[in-house]
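Residues per chain are reported as follows:
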Amino acid sequence: MPRPVPPPPPQPSAEETVRAVRYLRVVVVVGLLFFFGWSQLAYGPDSFIQAWGRDSSQSWMVHKARTLDPTTLRAHEGGDIVWLVGSSILRESVDIPAINEALASRGSRYRAQMFCQGRGAAGLASGMVAQLPIRSGDLLVHNVAVQNLRADWLSWTGLPPARMSRMLTPAQLWDTRELPLPDRLEQLVAVPWNFWRWHDDTQAGLERWLEALASGRTARKRRPHIFFRHSNRERASIYDHGPPDWEVDQNLLTTDTIDFSPRQFNVQGLERLRSWSTQHDVELVLLDIPPSAFAQWRLETAGVRAEWAAWRDAQPDLAFAPQLPDNAYYDRRHPNFRGRAALSAWLVDWLEAGHPRGTRTVTPESAVELYPWSDAPGPADADDLETL
């Protein structure tokens, strides 16, 4: 005999269904209210958990901007600020305490403030300036570099969209044509904004707390370390035994890899910087801090050098910093303590001279040093590198 089929379970009445739908609506509304409330309380640049989870240069720069003391910021005579807003190259090029001490000794109307971040080219710097208390009479300085004009800059740097969102508005992210359409759509609907912008830092802070509780110790707050100052090393460890084999393949710039068009992410950022400066009556100076001779002759083709020179000459708001010897960099582009001392002294003189444009100098190929440090072994065979 076939097995008997049990009768169906009793079905809810129409009145019960209506009550269930009403209950579900209440649950959804309460859940959404809780989610939005929690996202505003725990997720954001000033949330209580950020002190334990803040772990990117973008996060630290926003925190620094929001904790500036307006009373001490402009306490000096004249009260004007030179805002150094840019990338790690600019951060490694200046010693802010030494610069301000020198400016004070000269009775300058300026004092320096630095807001530099990893990957802080114009695309991100344009969002940083909007968060700073810059006023008319101040000077805004941003560094430019040819590698920041790569056509694939966003994918090459691997910059996460969440970190971009800490600097840029949803409209600016949507206008970032270098960002793939799915990523732009994702950022457009990433509401509430603070929840997604600060999700990684908040989760990291919660994890530190849970790990500390589980081990019976006190959770340690994050420290800014290099983000608020600079490195004091003479050279990067990858150069201990000469130029690494991958250096040319990974960092070589050709005319096919650079893009000066308005579509490029950092070209868009430059236009936003210029527009913001005009609207706020703030003078903007683009500062060219030359890389090492090695970077110019081994990591840039002749076509790139020519196009980059022409682009710089065409920028009316650009100034040229002096060329440093190769032993003044800890890698190919970031100055070490020697270069920082030289550029800091130059910056003070440059400000006191009215920040003139200066002249672009051409570094001879003979200035290339394969081992640009005093304690390094003898030069490697030049055949080990691709000569451009």
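I will try to describe carefully the structure that is included in this document. As the structure is a prediction and not an experimental result, all values here were calculated from the model.

### Some details on helix α13 (residues 199-215)
In this model, α13 (17 residues) spans 24 Å end to end at C-alpha, consistent with the 24 Å of a helix rising 1.5 Å per residue. All buried positions along α13 are accounted for by D201, T202, A204, G205 and A212. Along the axis of α13, the buried positions cluster into a sector of 160°, meaning they face one direction only. Among the exposed residues of α13, those pointing more than 90 degrees away from its buried face are L210, E211, L213 and A214. Looking at the buried side of α13, the elements it contacts are α1 (14-42), α2 (50-53) and α3 (57-66).

### Details of the packing of aromatic side chains
Tallied over the full model, the rule gives twelve aromatic pairs. On the basis of an interplanar angle of 75° and a centroid distance of 5.7 Å, the ring pair of F35 and F36 is categorised as edge-to-face. Judged by its relative accessible area of 27%, F35 falls in the partly exposed class. Geometrically, the ring pair formed by W83 and F115 is tilted, given 6.0 Å between the ring centres and 40° between the ring planes. Of this pair, W83 sits in strand β1 (residues 80-86) while F115 sits in strand β2 (residues 110-116), placing them 32 residues apart in sequence.

### Quick word on the nonpolar core
Core analysis: the largest hydrophobic core is formed by 45 residues, its most contacted members being W83, V85 and L140. Filtering out sequence-adjacent residues up to four positions away, V85 remains in contact with L90, F115, A125, M128, V129, L132, L140, V141, H142 and N143. One finds I99, Y110, L287 and L324 within the second-largest nonpolar core, a separate group that totals 27 residues.

### Looking at the sheet that holds β1
What the five strands build is an open sheet, ordered β2-β1-β3-β4-β5; its pairing is parallel. Lying at the two open borders of the sheet, with one neighbouring strand each, are β2 and β5 (318-320). Going across the sheet, the axis of each strand differs from the next one's by a mean of 25°, ignoring polarity. Relative to strand β3 (residues 139-144), helix α18 (residues 337-352) is tilted by about 135°, and along the sheet it contacts β1, β2, β3, β4 (283-288) and β5.

### Observations regarding the environment of W52
Structurally, the position occupied by W52 is in helix α2. Note: C-alpha distance between W52 and E365 (313 residues apart in sequence) is 48 Å. Leaving out residues up to four positions away in the same chain, W52 has contacts with A204, G205, R208, W209, A219, R220, K221 and R222.

The rules behind the values
- Along each chain, residue indices are assigned from 1 in the same order as the chain's sequence is written.
- Note on the predicted model: pLDDT of at least 70 is required for a residue's local features to be given, and 80 or more for side-chain atom pairs to be given and counted; whole-chain, interface and lining totals, by contrast, use all residues.
- Values reported for side chains reflect all heavy atoms of the structure, with hydrogen atoms and water molecules removed beforehand.
- In this description a helix means any DSSP run of H or I spanning at least four residues, a strand means any run of E spanning at least two, and both kinds are numbered starting from the N terminus.
- Any helix carries an expected span of 1.5 Å times its number of residues minus one.
- Accessible area is worked out with a 1.4 Å probe on protein chains only. A residue is then buried under 20% of its type maximum, exposed over 50%, and partly exposed in between.
- Comment: arc refers to directions from the helix axis out to C-beta atoms.
- Any two residues having at least one pair of non-hydrogen atoms within 4.5 Å are treated as being in contact.
- Each Phe, Tyr or Trp ring, with Trp reduced to its six-membered ring, pairs with another whose centre is within 6.5 Å; inter-plane angles below 30 degrees give stacked pairs, above 60 give edge-to-face pairs, and intermediate values give tilted ones.
- Residues enter a nonpolar core if they are buried and are Ala, Val, Leu, Ile, Met, Phe, Trp, Tyr or Cys, with the set joined through side-chain atoms within 4.5 Å.
- Any two strands between which DSSP finds at least two bridges are classified as paired.
- All axes here are fitted lines through C-alpha atoms, helices being fitted over the stretch that makes contact, and every angle between N-to-C directions spans 0 to 180 degrees.

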